[in-house]
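Examining the three-dimensional arrangement
Each chain, written out:
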Amino acid sequence: RPSISHIRGPRPELFFGNVRHIIKRSNVEAMLEWQEEFGSVFRFQGFFGSKKLIVADPKALHHILNTAAYEFPKPGAFRAVIRAISGPNIVAAEGDDHKKQRRLMSPAFGVRETKAYLSIFKACAEKVVMKWQDAVVHSDDQSTVVDVHHTLLPATLEALCEATFDFQMDNKRGDDLRKLYANFNNDAFPPNAAILAALLDWIPTCIITPLLRILPVKNVAFIRKHRRQSYEIAAEIMAEKSHAIAEGRESRDLCSLLVKANASEKVKDFQLTQEELYAQSSVVFIAGHDTTAGTLTFGLWQLARHVGVQTRLREEVRATLAAIRARGKAEPSVEDMESMPYLQAVMKETLRLHPAVAQIARSAGKDCVLPLSYPVETASGELIRHIAVPKGTEIVVAISCYNRNKNVWGEDAHVFRPDRWLAEEQPSKSKTSVGVIGNIASFLSGTRSCLGWKFAMLEMQSFLVEIIDQFELRATKEIRPWGDNLVYPLVDGEEEKGAQMPLRISPASRD
Ligand code: HEM
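1. A word on the site of the ligand
The immediate surroundings of the ligand are formed by 26 residues, with Lys-74, His-98, Arg-102, Ala-287 and Cys-450 found nearest. His-98 is positioned with one of its side-chain polar atoms (N or O) 2.7 Å from an oxygen atom of the ligand. Contact between the ligand and Arg-102: an oxygen atom at 2.6 Å from a side-chain N or O atom of the residue. Mapped onto the shell around the ligand, the elements with two or more residues apiece are helix 5 (95-105), helix 16 (290-305) and helix 22 (453-470). Grouping the amino acids of the shell around the ligand by side-chain chemistry returns 15 nonpolar, 8 polar and 3 charged.

Here is the structure:
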């Protein structure tokens, strides 16, 4: 069977492979261009000849993420970096360890729990609206430019903390968290961090953890600070929750459920340690707000660039809000959100084009054969439907490439077109299921799919409804999605300023 050495890929430079290209070009953009050239599976070369298989084919992804998920663990270096950021948490765990952590955390992300957060999401979205209304009032001509990413980050952090940790942010703890996450992506993974990541391929995993504890590099120092501070905050919250539970004061937030579940007799064989409990909170602080803020930011950007879509969405939202008021209700329910097909379509199209996590590293735990939905052409011109992958091969689950794979989504895969979701047939032409919603891979798929996807969907819908009802948005500058794993928006020519999304806002007319 043809193996990974037969697979085509971009021409590598001596020593540097393709690494310098992704640093110059932006990893997200480079990967999408290579997919156009080489197909849904191609080869990437790291430093000194190390090779990775980039995978964006539905059947291959289904095999890696669903059929044989635990046979494709995350590479040791990747897990060491996650542990350095947030400790021994669910995202860094493998095998039985992962199963037990997921089992304990899942109940906190059920439908009932998520629905209960709706009023928190609405209140946090209203604060964003008030902030922007204030900015507009103080502008000269009823319109002003705001960095929407800069406002949405603390707002989604607040929503997360209230919903999953049940604490308010108007105190020192809130200030500390806001400061820690003000520019998280850029602080932890600045554009040049790809060099360090490529070097890690060559360092034995057992050395990486001690190395990350001492390495005098700015972003690594921030990673250490994140773990320390997020642990301190998690420890405080967990102590408060344990105290409340002991006094019989029940609460259904993630933290209380986790503390309670972990103390239960039923789980005595797979109880989490104190550190593992802090580590779950630490990783949820990141996973639960940066992702939704980023997706919303890119969604607002697309609406700002597609005025027709924006107007149509506003009409649907306002008609629904009017119907809700006519029923004598003050705010939309989950069912009201679901009753807006265009809102759902805009959300899915945003998630498809702008996955907050562009790619995830895996490695083949044993020799295997990956099936393909769409044949790829080898270096010798042969069309193949299976690839033999030797044990130890590093595989990149290319979420952003799969979400724009023309075989799956059609020739206009790169175009923002929410209408594709309104057709009778599903827009995905692939019969293989990848992902938890609409065959989009943004929340991943299978055993390790995002636990917070329902939470995220409801939160993002709440924010969109409030914002689009009140404001008209227009794009101002050229934006480039940046990042290896977590994607953030950079303004072309202002990359050194870090993540930003300047949009012009003005009150939406009520005529
Ligand atoms: C648009 C928003 C979001 C996106 C695109 C997203 C995407 C993802 C992806 C791709 C993964 C897999 C990561 C990996 O295996 O390395 C993941 C895992 C996870 N996400 Fe999300 N996420 C979002 C929002 C959230 C929210 C709001 C929460 C919590 C409140 C959350 C909690 C988690 C957790 C706990 C995991 C680990 C699951 C596991 O390993 O079993 N996510 N998410």
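The discussion continues.
2. Observations concerning the nonpolar core
Counting 159 residues, the largest nonpolar core has Leu-53, Trp-132, Phe-165, Leu-177, Phe-285 and Leu-300 as its most contacted members. Those residues in contact with Trp-132, other than ones at most four positions away along the chain, are Val-146, Val-148, Thr-151, Leu-300, Ile-467, Phe-471 and Ile-505.

3. Quick word on the pattern of salt bridges
Under the defined criterion, the tally for this structure stands at 36 salt bridges. Across the pair Glu-236 and Arg-173 runs a salt bridge, and its minimum N-O distance is 3.1 Å. One end of the pair, Glu-236, is in helix 13 (residues 218-246); the other, Arg-173, is in helix 9 (residues 172-180), with 63 residues separating them in the sequence. Accessibility expressed as a relative area gives 14% for Arg-173, which makes it buried. As a salt-bridge pair, Glu-247 and Arg-249 come within 2.8 Å of each other at their nearest N and O atoms. Bridged by salt links that share partners, the residues Glu-349, Arg-352, Asp-412, Arg-417 and Arg-420 form one connected network.

Rules and cut-offs
- Residues numbered from 1 in each chain as written.
- Predicted model: local features only at pLDDT ≥ 70, side-chain atom pairs only at ≥ 80, totals over all residues.
- Heavy atoms only, no water.
- Near = heavy atom within 4 Å.
- Polar contact = N/O pair within 3.5 Å; in protein donor to acceptor, adjacent residues only side chain to side chain.
- Helix = DSSP H or I, 4+ residues; strand = E, 2+ residues; numbered from the N terminus.
- Nonpolar A, V, L, I, M, F, W, Y, C, P; charged D, E, K, R; others polar.
- Core = buried A, V, L, I, M, F, W, Y, C linked by side-chain atoms within 4.5 Å.
- Buried < 20%, exposed > 50% of the residue type's maximum accessible area, 1.4 Å probe, protein only.
- Contact = heavy atoms within 4.5 Å.
- Salt bridge = Lys/Arg side-chain N within 4 Å of Asp/Glu carboxyl O.

Any link to function would need more than the numbers given here.
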